[in-house]
Amino acid sequence: MNFIDITEKNREEYNNVISHPLQSFEWGEFREKTEVKVIRRGIEENGNIIDGFTLTIHKVPKTKFTIGYLPKGNAPNIELLEELRKIGKEENCIFIQLEPNIELNDKWQMANGKSQLHPAARPLFTKYSFEINLEKSEEELLKEFNSKTRYNIRLAEKKQVKVEIDNSDKAFKKYLELTNETTKRQGFYAHTSNYHRKMWEELRMTNGEWRMENGNKLSASLLTAKFQNEILTAWILFVFKETLYYPYGASTTKYKNLMASNLIMWEAIKFGKKLGLKKFDLWGSLGPDADENDPWYGFHKFKLGYNPRHVEFVGSYDLVINKPMYELYKIADKLRWGILRLKSKFS
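The following paragraphs examine the structure supplied in this document. (Residues numbered from 1 in each chain as written. Predicted model: local features only at pLDDT ≥ 70, side-chain atom pairs only at ≥ 80, totals over all residues. Heavy atoms only, no water.)

**Here's the deal with the packing of aromatic side chains**
What the rule picks out here adds up to 18 aromatic pairs. A ring pair is formed by Phe 172 and Trp 200, whose centres lie 5.2 Å apart and whose planes are at 5°; its orientation type is stacked. Residue Phe 172 is located in helix H6 (residues 169-186), and its partner Trp 200 is located in helix H7 (residues 193-203); the two are separated by 28 residues in the primary sequence. Classification of Trp 200 as buried rests on a relative accessible area of 3%. Their ring planes at 85° and their centres at 6.2 Å tell us that Phe 238 and Tyr 248 sit as a pair that is edge-to-face. With Phe 238 in strand E10 (residues 230-240) and Tyr 248 in strand E11 (residues 243-251), this residue pair connects regions lying 10 residues apart in the sequence. For the pair Phe 238 and Tyr 248, a shared accessibility class is recorded, and that class is buried. Each residue in the set Trp 27, Phe 30, Phe 125, Tyr 195, Phe 238, Tyr 245, Tyr 248 and Trp 283 is aromatic and connected to the rest through ring pairs, giving one cluster. Over the ring of Phe 25 we find Arg 40; its NZ or CZ atom is 3.9 Å from the centre of that ring. The cationic tip of Lys 72 hangs over the ring face of Phe 313; the distance from NZ or CZ to the ring centre is 3.5 Å. (Phe/Tyr/Trp six-rings, centres within 6.5 Å; stacked < 30°, edge-to-face > 60°. Helix = DSSP H or I, 4+ residues; strand = E, 2+ residues; numbered from the N terminus. Buried < 20%, exposed > 50% of the residue type's maximum accessible area, 1.4 Å probe, protein only. Lys NZ or Arg CZ within 6 Å of the ring centre and 35° of its normal.)

What follows is the structure, encoded as structure tokens:
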């Protein structure tokens, strides 16, 4: 295989061969603005790009070492792993984490490259997700929703909650405020406001209308649910190829009884259908037989009300570059997260 560096001139051809927003050329441009090193490579055959990947390199604080991350890439083979190992050595990586965008029930094997990979010490992306089929009619979809979900949608409509795409600076500022409120309320870790701001600057849909011919270019829109002109819920939606994604959402507890989140999900589904998209990826879920005591169970149950397909991916793997440092890193990482949990518990 011939690996080449991907540049602006290869953007469209590169995006054609990858399958997820986190591998898109545009996502790489955003990550570069967050001062993360981005390495894009394409696999060329007979002058055509047939495969590719975007790898980000992250510094380990106060050391000379780094960690590589390749989320939602195509199925790796031994040639790809050799290329990654070469990059890992050049970049002084302890390991490179791979999280292939491949369903578990697909005919996928890592061939003789699998022996080079270890189940990830700490997966970053969930192994499971929910997916809604947008090719069904609105009537079919509504009929398949949980009865409580349908009731809440109608209640929000009756109470005059209004949902719309609003990509204005004012709406995005409110989204940041709600994100901060939500993370504090739920007690989970989230990206910084600066991260979200740079992402929005890079990906925001500016022409007001998305068309299918632009489908292999990643774009983002802000969907808001308002009551009496006050934004109660705000979601970032990605459009890439034939799929709608829901990666980020935030809300206030004010007017909680208006069920704005239920209506915004329904309007997101209709937005995807209007664009002619085929599926709606809800960006993560718990596994089968989810534990009701899990802190993410509320999000899981909310999404479950829309009768999505439960998807299981092959999981996360570490390609170890420096074995002694990898063992030390795992110990240090466990200690770090233990301290963070204690701080959050008593803060």
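Once the structure has been displayed, the description carries forward.
**So, empty space enclosed by the protein**
According to the stated counting rule, one finds three cavities of 30 Å³ or more in the structure shown. Taken together, His 20, Lys 72, Asn 101, Phe 125, Thr 126, Tyr 128, Ser 129, Asp 281, Trp 283, Gly 284 and Phe 313 form the lining of the largest cavity. Here the lining of the largest cavity is built from residues that sort into four nonpolar, five polar and two charged. If you trace the second largest cavity, you find it lined by Ile 43, Asp 51, Gly 52, Phe 53, Leu 70, Gly 73, Asn 74 and Leu 80. Considering every element that reaches the lining of the second largest cavity, the biggest residue donor is strand E3 (residues 48-59), with three residues. (1 Å grid on protein atoms, 1.4 Å probe; cavity = no way out; pocket = protein on both sides within 12 Å on 5 of 7 lines; lining within 4 Å. Points joined across faces, edges and corners; volume = space filled by probe spheres on them. Nonpolar A, V, L, I, M, F, W, Y, C, P; charged D, E, K, R; others polar.)

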